[in-house]
Amino acid sequence: MVLGISDPTLVILMAVEGTRHRSHYSLTQHGRPNTASDLFYRLVPLCPVRLSLPKLPKSFFSLYKHWFNLYLSQTNQTLIESKMREEEIEKLRGVVRDCVSKHLYSSAIFFADKVAAFTSDPADIYMQAQALFLGRHYRRAFHLLNASQIVLRDLRFRYLAAKCLEELKEWDQCLLMLGDAKVDEHGNVYDTKDCNVMYLDKDGEDREINISSAICFLRGKAYEALENRAQARQWYKAAVKADPLCYEALECLIENHMLTCEEETSLLSSLQFAPEDGWLSSFYSCLIKKYDKENVVEAKFRELEKESCSTNPSDGSVMCTLKNNTDLLACKAEYYHQCGEYQKCFELTSVLLEKDPFHLKCTLVHLAAAMELGHSNELYLMACNLVKDYPQKALSWFAVGCYYYCIRKYDQSRRYFSKATNLDGTFPPAWIGFGNAYAAQEEGDQAMSAYRTAARLFPGCHLPTLYIGMEYMRTHSFKLAEQFFMQAKSICPSDPLVYNELGVVAYHMKEYQKAVLWFEKTLAHIPSSLGEMWEPTVVNLAHAYRKLKYSIFA
């Protein structure tokens, strides 16, 4: 049967066919019509053939009303099924997160793989890669990330891929994955080509560390592993400047002695802390080298020991205090050690280690204080426990070396100091102990070799150059000794021990006026009250006055 242009059925079919896609648009953009008739009369005005419709029979309306009701029911069913599927997938995502929190990494990998297969969403692919990384499947995680087309455009993907390469010790590839960027001596990053990168990991309300800071820190670790310590130092500075919350970068700079005293102070003054991070600024200032006057350092500790947030019972605020914080007390113990108050340092670290026996920073200070006080039994017990608990850490074998050094078995102490340096070549105390063990037996060449290695590895530590100067003075090479003492002074101008050695070498060169000047500066730089440690300095000053025939002062 051929339909004419005036046939009402043809007109309706043309209207329905010609507006099929536009009807879907009207459904999704303007709301769902209440009835099939409403939908039908929305479609008719959109008909490209503008004809006046004759009155249609009721059977015709019934037919199309049934058809549209069927269409709406199918649409609703599809939407319901889609919503149910999304809810099921979200539940699986929750399972993955729960497995990660419970350290069930194989289960997390299994379910994350299924979620990524269901959705092919980049966020789910990233979640799968994270599960693989936590499960130590670094090669597979890197392959998954590298195969995604978004790896070079999303910083999350790039950073995690670089972390995989870090675990695989492929440092050159790690730097290549992180992209091209340059940094100056002050830690300012420039000349980046990552203008179009994005970072989509903003799905939570928790405060985040800047992803750029994390990338700078990873670059620093890569350069340090490649023994390019100058570049590593600059990238660590860039990391902590990009976000002061990146504590690991500051820890590497301080623990590895990459900065001089002045550089540490300058770096801290350049950091931009948030208004609520005033306590963090004070804490960081306590971490750096502590050669200020006693009242200045004690004021910093008192400030941190106060309540860091006010309490308000009406809004349920919680009292926050760092008074008994182990890290803060370990910093105070380190300050006591640098002041020469070894007994006070030992007593404080003993209390701390009873509270937290595995606090390694406190353990190192405790070992140093015990060795200065000659507590060989304590050193023996500490060494046994550390070797049992941490056989792969340099600190453990350093403790063994300290014990043998304390009982004057220098051959054995050298052996264990050397083992500590082999386990961790960036552990400064082991290199210093290694040189001291040689110096104790007057083996100057080997001692100087160890000190020079330490001076090269730790340019911010003045002790290696100070000990080199002492070795030259022992061999009566006073001019060379003075040069190294002055170099130590330029690295750390506030250590009184440096001025004492300069006074001693000036006295030996019969420059008594200069010797008096250096000894007086020594006493002026002593951070605390005069103790037993500084008795030789007072005697040296008296001898210098005697040589100048200033008998009254002597």
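All values reported here derive from a predicted model rather than from experimental measurement. (Residues numbered from 1 in each chain as written. Predicted model: local features only at pLDDT ≥ 70, side-chain atom pairs only at ≥ 80, totals over all residues. Heavy atoms only, no water.)

Asker: I keep staring at the overall build of the protein and nothing clicks. Help me out?
Answerer: A tally of helices and strands in the protein yields 28 helices and 4 strands. A burial count over the protein gives 43% of its 554 residues as buried. Expressed as a percentage of contacts within the protein between residues at least 6 apart in sequence, the contacts between residues at least 24 apart total 56%. (Helix = DSSP H or I, 4+ residues; strand = E, 2+ residues; numbered from the N terminus. Buried < 20%, exposed > 50% of the residue type's maximum accessible area, 1.4 Å probe, protein only. Contact = heavy atoms within 4.5 Å.)

Asker: Looking at this model, I keep getting lost on the pattern of salt bridges. Mind explaining?
Answerer: Between side chains of opposite charge, a pair can form when the charged atoms approach closely. Enumeration over the complete set of coordinates arrives at 17 salt bridges. Residues R93 and E90 are paired through a salt bridge, measuring 2.8 Å at the closest nitrogen-oxygen approach. One end of the pair, R93, and the other, E90, are both in helix α4 (residues 58-101), 3 residues apart, so they sit about a helical turn from each other. R93 gets classed as buried once you look at its relative accessible area, which sits at 13%. Exposure remark for E90: the relative accessible area of 36% places this residue in the partly exposed category. In this structure, the salt-bridge partner of E170 is R139, at a minimum N-O distance of 2.8 Å. Remark: R139 occurs in helix α7 (residues 138-147) and E170 occurs in the loop between α8 (155-167) and α9 (171-178); sequence separation between them is 31 residues. Its relative accessible area of 25% is what places E170 among the partly exposed residues. Through salt bridges with shared partners, a single ionic network connects E86, E90, R93, R97 and D124. (Salt bridge = Lys/Arg side-chain N within 4 Å of Asp/Glu carboxyl O.)

Asker: Please explain the packing of aromatic side chains as it appears in this structure.
Answerer: Aromatic ring pairs are reported here in terms of the distance separating the ring centres and the angle at which the planes meet. Scanning all chains against the criterion turns up 21 aromatic pairs. Seen from their ring centres, F301 and Y335 are 6.4 Å apart, and the 55 degrees between their planes marks the pair as tilted. Here Y335 lies in helix α16 (residues 326-339) and F301 lies in helix α15 (residues 294-305), a separation of 34 residues in the sequence. What makes F301 buried here is its relative accessible area of 1%. By relative accessible area, which is 1% here, Y335 ends up buried. With a centroid separation of 5.6 Å and 40 degrees between ring planes, the pair formed by F398 and F417 is classed as tilted. Here the residue F398 occupies a position in helix α20 (residues 394-406), and F417 occupies one in helix α21 (residues 410-423), the gap between them amounting to 19 residues. The residues F398 and F417 share a single accessibility class, namely buried. Through pairs of rings, three or more aromatic residues link up here, namely Y380, W397, Y403, Y404 and Y416. Stacked on the ring of W235, the Lys or Arg R219 has its end atom at 4.8 Å from the ring centre. (Phe/Tyr/Trp six-rings, centres within 6.5 Å; stacked < 30°, edge-to-face > 60°. Lys NZ or Arg CZ within 6 Å of the ring centre and 35° of its normal.)

Asker: What's the story with the packing of helix α10 (residues 211-225) against helix α11 (residues 229-242) in this structure? I'm lost.
Answerer: If you want to describe how two helices pack, look at the angle between their axes and the distance between the axes. At their nearest, the axes of α10 and α11 sit 8 Å apart, and the two run at 165 degrees to each other. In this view, α10 runs roughly antiparallel relative to α11, as classed from their interaxial angle. The handedness of the crossing between α10 and α11 comes out as left-handed. Contact with α10, carried on its side by S213, C216, F217, R219, G220, K221, Y223 and E224, involves R229, Q231, A232, W235, Y236, A238, A239 and A242 of α11 and no other residues of that element. Taken together, the residues of the contact of α10 with α11 break down into 9 nonpolar, 3 polar and 4 charged. (Axes fitted to C-alpha atoms, helices over the stretch in contact; angles between N-to-C directions. Parallel < 35°, antiparallel > 145°, perpendicular 65-115°, else oblique. Left-handed = near helix turned anticlockwise from the far one by under 90°. Nonpolar A, V, L, I, M, F, W, Y, C, P; charged D, E, K, R; others polar.)

Asker: Can you walk me through the nonpolar core in this structure?
Answerer: Burial of nonpolar side chains together is a common tendency in soluble globular proteins. Counting residues in each nonpolar core, the largest one holds 104 residues, and the members touching the most others are L250, L367 and F398. If one sorts the elements of this core by residue count, α20 sits on top with 9 residues. Apart from the residues lying within four places of it in its own chain, the contact partners of L367 are L379, M382, L386, L395, F398 and A399. Membership of the second largest hydrophobic core comes to 34 residues, among which are A116, L145, M177 and I211. (Core = buried A, V, L, I, M, F, W, Y, C linked by side-chain atoms within 4.5 Å.)

Asker: When you look at unusual backbone geometry in this model, what are you seeing that I'm missing?
Answerer: One can expect most non-glycine residues to show negative phi and most peptide bonds to be in trans. You will see that S120, though not glycine, has its phi angle at about 55 degrees, which is positive. Residue position: S120 is located in the loop between α5 (105-119) and α6 (122-134). A positive phi angle, near 65 degrees, is found at R408, a position not held by glycine. Tracing the sequence through the fold places R408 in the loop between α20 and α21.

Asker: I tried to follow the side chain of K163 on my own but got confused; where do I start?
Answerer: Residue position: K163 is located in helix α8. Those residues within four positions of K163 in sequence are excluded, and the remaining contacts are F133 and L218.

Asker: What is the right way to read the UniProt feature "repeat: TPR" (unreviewed entry) in the protein from this model?
Answerer: Per the UniProt entry, the sites bearing "repeat: TPR" (unreviewed entry) are residues 394-427, 428-461 and 496-529 in this numbering. As annotated, residues 394-427 has a helix share of 79% and a strand share of 0%, and its two end C-alpha atoms lie 7 Å apart. Annotated as residues 496-529, this span is 79% helix and 0% strand, and its ends, taken at the C-alpha atoms, are 13 Å apart. (UniProt positions renumbered as here; feature names shortened; annotations may be inferred.)

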